[in-house]
Amino acid sequence: MHIPDGYLSPSTCAILAGVMLPVWYKASATVKKSVDIARIPFMAMGAVFAFLVMMFNIPIPYGTTAHATGAVLLSITLGPWAAVIAMSVALFIQALIFGDGGILAFSANAFNIAFLAPFAGYYTYRFFCKGAELGSRRQLWAGGVAGYLGINVAALSAAIQFGIQPILFQMADGTPIYCPYGLGVTVPAMMFVHLTVAGVVEGIVTALALKFITSQSPDLTFESTINCKEV
Amino acid sequence: MYKRYWLALVLMVILSPLGFLNKETAWGEWTTEELATMAGFVPKGIESVNGWWQALFQGYSVGMLGNGQFAGLAGYALSALIGALIVYSSMLMLVKLLTNRRTTGDGWLG
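Residues numbered from 1 in each chain as written. Chains lettered and ligands numbered in written order. Predicted model: local features only at pLDDT ≥ 70, side-chain atom pairs only at ≥ 80, totals over all residues. Heavy atoms only, no water.

Novice: What am I meant to see in the overall build of chain A here?
Specialist: Looking only at helices and strands, one finds eight helices and two strands in chain A. Along chain A, helices (α) and strands (β) appear in the sequence α-α-β-β-α-α-α-α-α-α when read from the amino end. For chain A, the spread of C-alpha atoms along the principal axes amounts to about 60 × 40 × 30 Å. The burial tally for chain A puts 65% of its 231 residues in the buried class. Looking at chain A, you have 10 positive and 9 negative side-chain charges, and the mean spots of the two groups are 12 Å apart. (Helix = DSSP H or I, 4+ residues; strand = E, 2+ residues; numbered from the N terminus. Buried < 20%, exposed > 50% of the residue type's maximum accessible area, 1.4 Å probe, protein only. Lys, Arg positive; Asp, Glu negative; His and termini not counted. Charge placed at Lys NZ, Arg CZ, Asp CG, Glu CD.)

Next up, the structure:
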């Protein structure tokens, strides 16, 4: 899900923006320093993939929907810092042009989906795939588990951002000003959706895409981010 | 070099209306009407920013196409295409700006 405007207090959004500014700066600096020019179209295509994959709404029991993000796939294939850039661009266009996610809440969505998910997923992947042969089952499983974990980390973060609002921001009579649901509601709700369905879809998407990439582009599989063998 | 990947992306654009078929509101993305029903009231903070930003293709719909199921499906696919193009060109511009360089002779499509 993309957090709309109004659910998070301006101060929450500002704090998350404050966190994201150095993240974006570091991501830009890293990309500037280490990007392979020949790979730039691939990076751009990754952002497009993420944008498109987030349009495929999956039905969840109890009448809601969710979607995969592609964040972990991008972090594995492009490296986490490049994934931060690509995911941020996709999220920004979604918010600006399509109203998917708030403008003020952009920093929160970026923090969850463009920062936490790629990094959580990337290090999970590297942990589980160590030494695995290119295109091997283990590598694909590592990608799947990484995808599952990455999106759930993002979901938990969003649930917390929502859930602390009513305690922190109330009117004089105790009425919530922003998100009216506390942690007791937001965490189970978000985690149910993402642990049961969205995470599985993200994991499958990540694994399948990895399979596609490792079989299609042997040259790409030697990238240090995908390659699990010690070089 | 990237032909297969382009095909995959095109396929995703073509299949995107599948996402339109699942119209249930995602958790946490409720409208003020839905919140009023669910929570019995609309928190002031949410009400105050309601509708402040009018996105060009709000909710992945293309207003020009009219209403109805088919228009919704077509608008969704069109949004996928438009969004894909905007994201792609934005990324190229941004990364080129960052690196202050041009892509290789292969051009913009890799």
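Novice: Looking at this structure, how should I read the overall build of chain B?
Specialist: Within chain B, the secondary structure is distributed over five helices and zero strands. Order of helices (α) and strands (β) in chain B, N terminus to C terminus: α-α-α-α-α. Looking at chain B residue by residue over its 110 residues, the buried ones come to 37%. Long-range contacts, defined as pairs at least 24 residues apart, comprise 45% of the intrachain contacts of chain B with a sequence gap of at least 6. In the structure as shown, chain B presents an accessible area of about 6,600 Å², 64% of it carried by carbon and sulfur atoms. Charge-centre separation for chain B: the mean point of 7 positive side chains lies 22 Å from the mean point of 6 negative side chains. (Contact = heavy atoms within 4.5 Å. Areas by Shrake-Rupley, 256 points an atom, 1.4 Å probe, with all protein chains shown as cover.)

Novice: Looking at this model, I keep getting lost on the environment of Leu-104 of chain A. Mind explaining?
Specialist: Relative to the helices and strands, Leu-104 of chain A resides in the loop between helix 4 (80-98) and helix 5 (106-129). Exposure remark for Leu-104 of chain A: the relative accessible area of 45% places this residue in the partly exposed category. Those residues in contact with Leu-104 of chain A, other than ones at most four positions away along the chain, are Asp-5 and Cys-13 of chain A together with Val-49 and Trp-52 of chain B.

Novice: Would you mind showing me how to read the environment of Val-42 of chain B here?
Specialist: Locating Val-42 of chain B in the fold gives a position in the loop between helix 3 (32-39) and helix 4 (44-49). Setting aside residues no more than four positions away along its own chain, Val-42 of chain B makes contact with Thr-32, Ala-36 and Glu-47 of chain B.

Novice: Explanation requested: the pattern of salt bridges in the structure shown.
Specialist: Once the charged atoms of two side chains with opposite charge are near each other, the side chains can pair. Residue and element names in this part refer to chain A. Taken as a whole and judged by the stated rule, the model has one salt bridge over all chains. Glu-133 is paired through a salt bridge with Lys-229; the nearest N and O atoms lie 2.9 Å apart. One end of the pair, Glu-133, is in the loop between helix 5 and helix 6 (137-163); the other, Lys-229, is in the segment after helix 8 (183-216), and 96 residues separate them in sequence. (Salt bridge = Lys/Arg side-chain N within 4 Å of Asp/Glu carboxyl O.)

Novice: Just checking my understanding: could you explain unusual backbone geometry for this structure?
Specialist: For residues that are not glycine, phi is negative in most cases, and the peptide bond is trans in most cases. In this structure, Tyr-60 of chain B is a non-glycine residue whose phi angle is positive, near 60°. Looking at the element boundaries, Tyr-60 of chain B is found in the loop between helix 4 and helix 5 (69-99).

Novice: I tried to follow the packing of helix 5 of chain A against helix 6 of chain A on my own but got confused; where do I start?
Specialist: When two helices pack together, their arrangement is given by the angle between the helix axes and the distance between those axes. All names here are of chain A. The interhelical angle for the contact between helix 5 and helix 6, taken along N-to-C directions, is 150°, at an axis separation of 7 Å. It follows that helix 5 is roughly antiparallel to helix 6 by the angle criterion. Along this stretch, helix 5 crosses helix 6, giving a crossing that reads as right-handed. Considering only residue class, the contact of helix 5 with helix 6 consists of 16 nonpolar, eight polar and one charged. (Axes fitted to C-alpha atoms, helices over the stretch in contact; angles between N-to-C directions. Parallel < 35°, antiparallel > 145°, perpendicular 65-115°, else oblique. Left-handed = near helix turned anticlockwise from the far one by under 90°. Nonpolar A, V, L, I, M, F, W, Y, C, P; charged D, E, K, R; others polar.)

Novice: Got a minute to help me understand the confidence of the model for chain B in this structure?
Specialist: It should be kept in mind that the predicted coordinates are not to be read in detail where pLDDT is low. Per-residue pLDDT for chain B averages 88, and the proportion of residues at 70 or more is 90%. The ipTM for the predicted assembly is 0.93, set against a pTM of 0.94. (pLDDT = per-residue confidence, 0-100.)

Novice: How do you make sense of the nonpolar core when you look at a structure like this?
Specialist: Nonpolar side chains in soluble globular proteins generally cluster together in the buried interior. Grouped together as the largest cluster of nonpolar side chains are 100 residues, with contacts concentrated most on Ile-3, Leu-52 and Tyr-125 of chain A together with Met-91 of chain B. Excluding residues within four positions of it along the chain, Met-91 of chain B makes contact with Met-43, Ala-44, Ala-47, Ile-85, Ala-86 and Val-89 of chain A. Residues Ala-66, Ile-151, Val-197 and Ala-198 of chain A belong to the second largest nonpolar core, which totals seven residues. (Core = buried A, V, L, I, M, F, W, Y, C linked by side-chain atoms within 4.5 Å.)

Novice: Even after reading the chapter, I still don't get the packing of helix 2 (residues 40-53) of chain A against helix 5 of chain B, so can you show me in this structure?
Specialist: Two elements in contact, helix 2 of chain A and helix 5 of chain B, have axes whose closest approach is 8 Å; the angle formed by their N-to-C orientations is 145°. Like other packed secondary-structure pairs, helix 2 of chain A and helix 5 of chain B cross with a definite hand, here right-handed. Along the contact surface, helix 2 of chain A presents Ile-40, Pro-41, Met-43, Ala-44, Met-45, Ala-47, Val-48, Phe-51 and Leu-52 of chain A, while helix 5 of chain B presents Ser-79, Ala-80, Gly-83, Ala-84, Val-87, Tyr-88, Met-91, Leu-92, Val-95 and Thr-99 of chain B. In the contact of helix 2 of chain A with helix 5 of chain B, the residues fall into 16 nonpolar, three polar and no charged.

Novice: Help me understand the interface of chain B and chain A in this model?
Specialist: Interface size, as often reported, equals the accessible area lost upon joining of the parts. Taken together, the contact pairs 60 residues of chain B with 65 residues of chain A. Summed over the three residues of chain B that lose the most area to chain A, namely Tyr-5, Trp-27 and Tyr-60 of chain B, the buried surface amounts to 15% of that side. The tally of links between chain B and chain A comes to zero salt bridges. Seen at the junction of chain B and chain A, the total is 20 residue pairs in polar contact (both at pLDDT 80 or more). When residues of the side of chain B that touches chain A are traced back to their parent elements, those giving at least two are helix 1 (3-15), helix 2 (17-21), helix 3, helix 4 and helix 5 of chain B. The leading source of residues in the side of chain B that touches chain A is helix 5 of chain B, at 15 residues. A per-class count over the side of chain B that touches chain A returns 38 nonpolar, 16 polar and six charged. (Buried area = accessible area lost by both parts, 1.4 Å probe. Polar contact = N/O pair within 3.5 Å; in protein donor to acceptor, adjacent residues only side chain to side chain.)

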